[in-house]
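Structural overview
Each chain, written out:
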Amino acid sequence: MNPPARPLAGHLDDYLTLRRALGCKLIRAERYLRQFLDYLGERQQGTLTAGAAADWVRRSRHGSAAPGLGMEAIRGFAAFLHAHDPAHEIPSPGLFPRRRLRAVPYLYSPADIAALQAAAGRLRGPLRAETYTVLIALLAVTGLRISEAIALDDGDIDTGEGMLIVRQDKAQSFRLVPLHPTALAALAGYRHRRDQAFPGRAAPAVLVSRTGDRLTYNAVHKAFTRLAAAAGLGPRTGRCRPTIHGLRHSFAVNMLAGWYRDGTDVPARLPWLSTVMGHSGPASTYWYLSASPELMALAAQRLQAHVGRAGGRAAGAASRPGQP
């Protein structure tokens, strides 16, 4: 049975509570959204539609802010509402876009990653196939940036603790990224075969090029573009194209989705994920939540269940007057 309908203002309070629990301030976004709900109220409209959103943005004045900021606030709230009720429409990203649009993350399924690794396995050259197979797997299970992965040295693998030491800047600040035993074993096997293929090499890099030197970003970018094509992975939209950075996005989304499915306290765990990914704070990590409709739906379901339990406890207390 579907839950009883709630006024849009109630859903907005839930949405803001969820986003703020994950580290977002949303001061300006809340102002825009409450103004938009006032507008819908004047029209006696209880369903968010793309047409109403566009009409409100055209009529509204946001001072020096671009109209895209108002539509961006509505779009995030609309995704939350749509997870509750598909009758609510999510305005298209092309409707009043911000001038600087962030690329839509290309989220890889396990089958996509397997196809990429299969394509990598067909590469020619000394150790080249294994290098790219291991690189794709490493990015998928750690969420490293490609620049961080190719900068790894042998001394950055702590086999005793099962950790990667990721150097973050010239001052040698670092973070620790946990590795599963299977990932450690795969890296150990690769390093053994690397040393056999390139004995006496001078570079301390974990991952090497076809000449035994450290991989470069440009070479990896070109190789990955060819691997994605060979794996049959093409653009989903004009702004959603397969990139190697999409493996980092996929790691974050899969981690968050797993937590929601397992009933984990996600806001409590989010700082850990932010640290592992090298973000400045949970607000940066929250972006992955809004980037995945499935993840937004899981978050909405969790919040709906929490609200339902709270309402049940309140009803129970009200039915027992006079009890401590």
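Look above for the structure.
Here we summarise the structure given alongside this text. This one's a predicted model, so the numbers in the text were calculated from it and none came from an experiment.

How each quantity is defined
- Residues numbered from 1 in each chain as written.
- Predicted model: local features only at pLDDT ≥ 70, side-chain atom pairs only at ≥ 80, totals over all residues.
- Heavy atoms only, no water.
- Helix = DSSP H or I, 4+ residues; strand = E, 2+ residues; numbered from the N terminus.
- Buried < 20%, exposed > 50% of the residue type's maximum accessible area, 1.4 Å probe, protein only.
- Contact = heavy atoms within 4.5 Å.
- Areas by Shrake-Rupley, 256 points an atom, 1.4 Å probe, with all protein chains shown as cover.
- Pairing = 2+ DSSP bridges.
- Phe/Tyr/Trp six-rings, centres within 6.5 Å; stacked < 30°, edge-to-face > 60°.
- Lys NZ or Arg CZ within 6 Å of the ring centre and 35° of its normal.
- Salt bridge = Lys/Arg side-chain N within 4 Å of Asp/Glu carboxyl O.
- Core = buried A, V, L, I, M, F, W, Y, C linked by side-chain atoms within 4.5 Å.
- Expected span 1.5 Å × (residues − 1).
- Arc of directions from axis to C-beta.

Okay, the overall build of the protein chain next. Counting its secondary structure elements, the protein chain contains 13 helices and three strands. Taken over 324 residues, the protein chain has a buried fraction of 44%. In the protein chain, 61% of the contacts between residues at least 6 apart in sequence involve partners at least 24 apart. Carbon together with sulfur atoms contributes 55% to the accessible area of the protein chain, which is approximately 17100 Å² in total.

Before going further, it helps to examine the pairing of strand β3 (residues 174-178). Where burial is concerned, the two faces of β3 differ: the one with Arg175 and Val177 is buried and the one with Phe174, Leu176 and Pro178 is not. Here strand β2 (residues 163-167) runs beside β3; their pairing, made up of five bridges, is antiparallel. Looking across to β3, one finds that Leu164 is bridged to Val177.

Further remarks concern the sheet that holds strand β1 (residues 157-158). With antiparallel pairing, three strands are arranged side by side in an open sheet as β1-β2-β3. Every other strand in the sheet has two partners, leaving β1 and β3 as the edge strands with one partner each.

Glancing now at the packing of aromatic side chains. Counted by the stated rule, this structure contains seven aromatic pairs. Measuring from ring centre to ring centre gives 5.0 Å for Tyr106 and Tyr108, while their planes differ by 45 degrees; the resulting arrangement is tilted. In this pair, the class of Tyr106 matches that of Tyr108, namely buried. In textbook terms, an aromatic cluster arises when at least three aromatic residues are bridged by ring pairs, as seen for Tyr15, Phe77 and Phe80. Positioned above the aromatic ring of Tyr106 is the side chain of Arg236, whose terminal nitrogen or guanidinium carbon lies 3.6 Å from the ring centre.

It is worth spelling out the pattern of salt bridges at this point. The final tally for this structure, using the stated rule, is 15 salt bridges. Put simply, Asp153 and Arg214 hold a salt bridge, and the shortest N to O gap is 2.6 Å. In this pair, Asp153 sits in the loop between α7 (146-150) and β1 while Arg214 sits in the loop between α8 (181-197) and α9 (217-230), placing the two residues 61 residues apart along the sequence. Taking relative accessible area as the criterion, Asp153 reaches 23% and is therefore assigned partly exposed. Linking Arg201 and Asp195 is a salt bridge whose minimum nitrogen-to-oxygen distance equals 3.7 Å. Linked by salt bridges that have partners in common, Asp154, Arg191, Arg194, Asp195 and Arg201 make up one network.

Moving on, we come to the nonpolar core. Leu116, Leu135, Leu138, Leu144, Leu164 and Leu247 are the most contacted members of the largest nonpolar core, which totals 44 residues. Where this core is concerned, the elements lending two or more residues are α5 (110-120), α6 (128-142), α7, β2, α8 and α9. Considering every element that reaches this core, the biggest residue donor is α6, with seven residues. Those residues within four positions of Leu144 in sequence are excluded, and the remaining contacts are Leu138, Leu139, Ala149, Leu152, Leu164, Val166, Arg175, Val177 and Arg248. The next biggest cluster of nonpolar side chains, apart from the first, holds 36 residues, and it includes Cys24, Ala53, Val57 and Tyr260.

Bringing the pairing of β2 into the picture now. By the bridge criterion, two bridges tie β1 to β2 in an arrangement that is antiparallel. For Asp158, the partnering residue across the bridge sits in β2 and is Met163. With antiparallel pairing between neighbouring strands as the criterion, β1 and β2 make up a hairpin whose turn holds four residues, including Gly162 at a positive phi of roughly 70 degrees.

Right, let's get into helix α2 (residues 27-42). With 16 residues, α2 should reach 22 Å at 1.5 Å per residue; the first-to-last C-alpha distance of 23 Å fits that figure. Where α2 is concerned, the buried positions are Ala29, Tyr32, Leu33, Phe36, Leu37, Tyr39 and Leu40. Angularly, the buried residues of α2 cover 155 degrees about the axis, an arc narrow enough to put them on a single face. Structural note: α2 exposes Ile27, Asp38 and Glu42 on the side pointing more than 90 degrees away from its buried face. In this fold, the buried residues of α2 make contact with α1 (8-21), α3 (50-59) and α4 (67-84).

Phi is positive for Gln44, which is not a glycine, with a value near 55 degrees. When you line up the elements, Gln44 lands in the loop between α2 and α3.

Turning to α3, a few remarks are in order. Residues of α3 that are buried: Ala52, Ala53, Ala54, Asp55, Trp56 and Val57. Next to the buried residues of α3 lie α2 and α4.

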